[in-house]
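# Notes for the structure review
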Amino acid sequence: MHVDSDFISIAIPQVQLFNQPLIGDAHFNVDSRTIQQGEVFVALVGSQVDGHDFIEQALQRGAVGFILALSKKEYVLKKFQKELASKSVFFVPDPLSALIQLARAWRSRFTFPVIGITGTVGKTTTKEIIRNILKLSKFNALVSSGNQNTMIGASMNILKMRSDHDVAVFELGISKPGAMKQLVELICPTYSVITRVGHGHMQGLGDMQGVAREKREIFSLFSDRDIGIINGDQPELANISYKHPVISFGKKTTNQIQARKIICAANSISFIAKIYNKRYQVVLPTCNQARVMNALAAMAVGYLLQIPDEILVRGVEMPVSVEGRFQVIEHASGATLINDAYNANPESTKAALIAFDQYSTEKHKIVVFGDMLELGPDSAFWHRQIGRFLRKVADLTLVVLVGREVEWTKKTLPYGLKCLYFPTADAAFETVRDLASDSKNAILFKSSKSIGFIELVKKLQA
């Protein structure tokens, strides 16, 4: 067993971890449940879970290396010395700090383009559209997994970067001041996208101006060689003087990448994409108009990577299915479940309701709506607004409200609309299960992630 208690001073010359034959091409993982053969397990110590309690599971799943806390050394050696004898083991003062510092050192070795994507809504979907474009273009691309957009997720994805990659794409998520600067200093993007600024994480970021200011920090390390991509329809982004070049996208004619003549019919959206002075007909396989802006942002990235316009169009027209982002699921009963419950804020909720209104079906439309969290002191106002906005969904037969904040929504529902209320997703399960068992129903699920609708939908599918 190799034990190195001094491993994480991790100055760049000391990053020998990658040169050891045992883990020379290893990836890193902080979740013992998803460890793959040959990965390095980083045992993080959280407020509720201690990764050191799962060393045995990581061993069983084939971990070849371990980054562990120095304070746990006696416990680990006493319990696992025999099993770890053939592994690479590093005891460090703080495994999380070690992971981040190692990722920062590893990132410095690469000079190919790195794309950073942030925004209150649309980050993951935009990233997945970019993935499709890069695949069509035969780029050897590293695109970050799932929604791994924190310092931990970004670090693990950086450590997957290899010299034969042509480009890397990362998602950046924040909830408090200073978080974006930390992510940017880690990822060092060369092109960055802000999809949209909205009322998200208001408790940590204050008002819309605070959210916009923090999102714009994604450009904080840019020189005049780096290029930003912004939603040019939003004054919080467009009416700013940047020290670096900027490309804007949106529906306004002032944008370099535009969408014109948007038409939604038969659960698809057609529009004219204008890429600088060239026009192309685009058809998206969705009724969710938020995807138009995601497509424009992805086109802007592809344009900077010098991908031909025709491939950009083909790429954005490919289907994109991301769990919890207006994900249309056909239930075994014949009912339709639309899972848009990965997260919720006023902008994304209104977009989901508009898309549900545009969704073409003969089935009865039902909305299951849960709390939008982290809206700060204006939470009651925004939940009342959603109650009023529900009148935008034609032929809505029932709304099921779940949580505490949605009691404000109940006060402003359209007159005559039938409503059921439950304090938790568990309490609502039997009722929603009965609704999902009726082939005549189409049900939209929308809430903040911690309300539990993602798990609720999975239970309904099971």
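Residues numbered from 1 in each chain as written. Predicted model: local features only at pLDDT ≥ 70, side-chain atom pairs only at ≥ 80, totals over all residues. Heavy atoms only, no water.

### Some words on the sheet that holds strand 18 (residues 396-402)
Across the sheet, which stays open at both edges, the six strands sit in the order 15-16-20-17-18-19 with mixed pairing between neighbours. A strand with exactly one partner marks an edge of an open sheet, and here the two such strands are strand 15 (327-330) and strand 19 (418-422). Sheet twist, expressed as the mean angle between neighbouring strand axes with direction ignored, is 20°. Sheet analysis places strand 17 (residues 364-370) next to strand 20 (residues 441-446), joined by six bridges and oriented parallel. Bridging across to strand 20, phenylalanine 369 finds its partner in lysine 446. (Pairing = 2+ DSSP bridges. Helix = DSSP H or I, 4+ residues; strand = E, 2+ residues; numbered from the N terminus. Axes fitted to C-alpha atoms, helices over the stretch in contact; angles between N-to-C directions.)

### Some points on helix 4 (residues 123-136)
The periodicity of an α-helix, 3.6 residues per turn, causes residues three or four positions apart to be oriented the same way. Its 14 residues give helix 4 an end-to-end C-alpha distance of 20 Å, which sits within 8% of 20 Å, the value for a rise of 1.5 Å per residue. Considered for burial, the residues of helix 4 that qualify are Lys123, Thr124, Thr125, Thr126, Lys127, Glu128, Ile129, Ile130, Asn132, Ile133 and Leu134. Buried residues along helix 4 sit in contact with strand 6 (114-118), strand 7 (141-143), strand 8 (167-171), helix 10 (290-304) and helix 11 (309-317). Just beyond helix 4, the residue with positive phi is lysine 138, at close to 65°. (Expected span 1.5 Å × (residues − 1). Buried < 20%, exposed > 50% of the residue type's maximum accessible area, 1.4 Å probe, protein only. Contact = heavy atoms within 4.5 Å.)

### So, the environment of methionine 293
Structurally, methionine 293 is set in helix 10. It is 6.3 Å that separates the C-alpha atoms of methionine 293 and glycine 250, two residues lying 43 residues apart in sequence. With near-sequence residues (within four places) excluded, methionine 293 lies in contact with Asn231, Asp233, Phe249, Gly250 and Lys251.

### A short note on the pairing of strand 8
Working note: regular strand, side chains alternate between the two faces of the sheet. Burial within strand 8 is extensive, with five of its five residues counted as buried. Of the two faces of strand 8, both are covered, the one formed by Val167, Val169 and Glu171 as well as the one formed by Ala168 and Phe170. Pairing of strand 6 with strand 8 involves four bridges; the strand directions are parallel. Within strand 8, the residue paired with glycine 116 across the bridge is phenylalanine 170. Inspection of the sheet shows strand 7 paired to strand 8 by three bridges, in the parallel sense.

### A look at the confidence of the model for the protein chain
When the pLDDT values of the protein chain are averaged, the result is 90; 93% of them are 70 or greater. Every residue in residues 2-23 scores below 50 in pLDDT, and together they form 53 contacts with partners more than four places removed in sequence or on other chains. (pLDDT = per-residue confidence, 0-100.)

### What about the pattern of salt bridges?
Counted by the stated rule, this structure contains eight salt bridges. Glutamate 171 is the salt-bridge partner of lysine 127, the closest N and O atoms lying 3.5 Å from each other. You can see lysine 127 sitting in helix 4 and its partner glutamate 171 sitting in strand 8, a full 44 residues away along the chain. Considered together, lysine 127 and glutamate 171 belong to a single accessibility category, that of buried residues. Across the pair lysine 363 and glutamate 330 runs a salt bridge whose closest N-O atoms are separated by 3.8 Å. Note that lysine 363 is positioned in the loop between helix 12 (346-358) and strand 17 and glutamate 330 in strand 15, a separation of 33 residues in sequence. Lysine 363 gets classed as partly exposed once you look at its relative accessible area, which sits at 24%. (Salt bridge = Lys/Arg side-chain N within 4 Å of Asp/Glu carboxyl O.)

### Some thoughts on the pairing of strand 18
With respect to burial, strand 18 is a largely interior element, six of its seven residues being buried. In this sheet, strand 18 lies alongside strand 17 in parallel orientation, the contact comprising six bridges. By the bridge assignment, lysine 365 is partnered in strand 18 with leucine 396. In terms of handedness, the path from strand 17 via helix 13 (residues 379-389) over to strand 18 forms a crossover that is right-handed. Alignment of strand 18 against strand 19, held across five bridges, turns out to be parallel. Its bridge partner being in strand 19, leucine 398 is matched across the sheet by lysine 418. (Right-handed = clockwise from strand over helix to strand, strands pointing away.)

### Observations regarding the packing of helix 15 (residues 425-436) against helix 16 (residues 453-461)
Where helix 15 contacts helix 16, the two axes come as close as 10 Å, and the packing angle between them is 40°. Comparing the axis directions of helix 15 and helix 16 gives the class oblique. Where helix 15 crosses over helix 16, the handedness of that crossing is right-handed. Each of Ala425, Asp426, Phe429, Val432, Arg433 and Ala436 in helix 15 lies in contact with helix 16, whose residues at this interface are Phe453, Leu456, Lys459 and Leu460. When its residues are assigned to classes, the contact of helix 15 with helix 16 shows seven nonpolar, no polar and three charged. (Parallel < 35°, antiparallel > 145°, perpendicular 65-115°, else oblique. Left-handed = near helix turned anticlockwise from the far one by under 90°. Nonpolar A, V, L, I, M, F, W, Y, C, P; charged D, E, K, R; others polar.)

### A look at the sheet that holds strand 14 (residues 278-284)
The strand order 7-8-6-9-10-11-12-13-14 describes an open sheet built from nine strands, whose pairing is mixed. The open sheet has two edge strands with one neighbour each: strand 7 and strand 14. Geometrically, the sheet is characterised by an average inter-axis angle of 15° between neighbouring strands, direction not taken into account. With two bridges joining them, strand 11 (residues 246-250) and strand 12 (residues 257-265) adopt parallel strand pairing. Bridging from a neighbouring strand, glycine 250 pairs with glutamine 258 of strand 12.

### Observations regarding the environment of valine 368
Mapped onto the elements of the fold, valine 368 is located in strand 17. On the accessibility criterion, valine 368 (0% relative accessible area) is buried. The spacing of valine 368 and alanine 428 is 60 residues in sequence and 9.6 Å in space, taken between C-alpha atoms.

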